[in-house]
Amino acid sequence: MTDALSADHITKVFGGLTAVDDVSLHVGEKELVALIGPNGAGKTTFFNCLTGVAPATTGTVKIAGQEVKKNTKAYKVAQMGISRTFQNIRLFSQLSVLENVLIALTNQYKENFLTSVLRLPGYYKTEDAMEKRAKELLADFDLEDVMYFPAGDLPYGTQRKVEIVRALATDPKIICLDEPAAGMNPEETADLTKLIKRLQTEYGIAVLLIEHDMSLVMNLAERIYVLAEGKLLAQGTPSEIQNNEAVINAYLGGGADA
Ligand SMILES: Nc1ncnc2c1ncn2[C@@H]1O[C@H](COP(=O)(O)OP(=O)(O)OP(=O)(O)O)[C@@H](O)[C@H]1O
């Protein structure tokens, strides 16, 4: 089976600082994997390398077996089957929830240029199909009641949910979630846990998750990678990681908030 994601020997250097140092990580098809580590360990930088936001200095990334060539733009990387959410929510706050999802779908359903400029029948068919799909997804995640609300007016936990649905809309092979539970109350975190599980079980998508909430990680992840100071410190099942001395020391010594 082809991995949803394979990243080999990823290194990212900023000036004199090696933020990610020779890290390899694999996520199987429909697998749920977590990436943890103390603050500043390089987790978000690693995500940025995977998704083309800030490409790796060296190393190879493959999405569903297809290599991401150097200098591929982030939207092209997304079309290869990877989508993500950000640590700070990045919805268009003035636009409605529905419009936010439609924007993501535009990437996927792109009609040819002439069809859309001349508003040929194919254009309207595409518009209809996109709207139908967006509404289906929103209904499936109990967001139909807020579909016409400006995204920025929604409670924090709901905005996070919309962001994940938007990431799902592009039909990815893998979704990367950067601290999805940050700032959530316990009820919102419980809802989020179910949502993430559904991505895997109902939508057949692999998930790579950065998270400081250890109970969420231990509940959800099938495998865990641990980064510390840019390097891969450990990898294994949740129970292996919980009992790994190097991991315990990195957290206790590093004063992480995890
Ligand atoms: N654009 C950048 N330019 C220079 N240094 C950067 C840049 N982005 C990140 N860094 C540095 O790289 C290191 C890793 O940061 P990163 O944000 O990836 O860590 P993290 O594990 O995601 O942390 P957190 O859990 O706090 O979000 C830090 O020392 C950070 O200051």
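Here's what I pulled together on the structure shown here. Everything numeric here is computed off the predicted structure, so don't read it as measured data.

A closer look at the overall build of the protein
Looking only at helices and strands, the protein features 10 helices and 10 strands. Within the protein, the fraction of its 258 residues that count as buried is 39%. When contacts within the protein are restricted to residue pairs at least 6 apart in sequence, long-range pairs at least 24 apart make up 69% of them.

Looking at the site of the ligand
The environment of the ligand is formed by Phe 14, Leu 17, Ala 19, Gly 37, Asn 39, Gly 40, Ala 41, Gly 42, Lys 43, Thr 44 and Thr 45. Of all the secondary-structure elements, those providing two or more residues to the shell around the ligand are β2 (17-27) and α1 (43-50). For the shell around the ligand, the element with the most residues is α1, which contributes three residues. Here the shell around the ligand is composed, by residue class, of four nonpolar, six polar and one charged.

Concerning unusual backbone geometry
Of note in this structure, His 9 is not a glycine but carries a positive phi near 50°. Note that His 9 resides in strand β1 (residues 5-14). Notably, Asp 171 is not glycine yet its phi reads approximately 60°, a positive angle. As for its position among the elements, Asp 171 is in the loop between α6 (156-169) and β7 (174-178).

Remarks on helix α7 (residues 186-201)
Its 16 residues give α7 an end-to-end C-alpha distance of 23 Å, which sits within 8% of 22 Å, the value for a rise of 1.5 Å per residue. Contacts from the buried residues of α7 go to α6, β7, β8 (206-210) and α8 (214-220).

A few points about α1
In terms of burial, α1 is largely enclosed, as seven of its eight residues are buried. A positive backbone phi angle near 80° is found at Gly 52, which sits one or two residues after α1.

Here's the deal with the sheet that holds β1
Read across the sheet, four strands follow the order β2-β1-β4-β5 without closing on themselves; strand pairing throughout is antiparallel. Here the strands that pair on one side only, and so sit at the sheet edges, are β2 and β5 (66-67). The pairing of strand β4 (residues 58-63) with β5 spans two bridges and is antiparallel. Bridging from a neighbouring strand, Lys 62 pairs with Glu 67 of β5. Packing of α1 onto the sheet brings it into contact with β1, β2 and β4, and relative to β1 it is tilted by some 115°.

Each value, and the rule that gives it
Residues numbered from 1 in each chain as written. Predicted model: local features only at pLDDT ≥ 70, side-chain atom pairs only at ≥ 80, totals over all residues. Helix = DSSP H or I, 4+ residues; strand = E, 2+ residues; numbered from the N terminus. Buried ≥ 20, exposed ≤ 12 C-beta atoms within 10 Å, placed from the backbone. Contact = placed C-beta atoms within 7 Å. Near = placed C-beta within 6 Å. Nonpolar A, V, L, I, M, F, W, Y, C, P; charged D, E, K, R; others polar. Expected span 1.5 Å × (residues − 1). Pairing = 2+ DSSP bridges. Axes fitted to C-alpha atoms, helices over the stretch in contact; angles between N-to-C directions.

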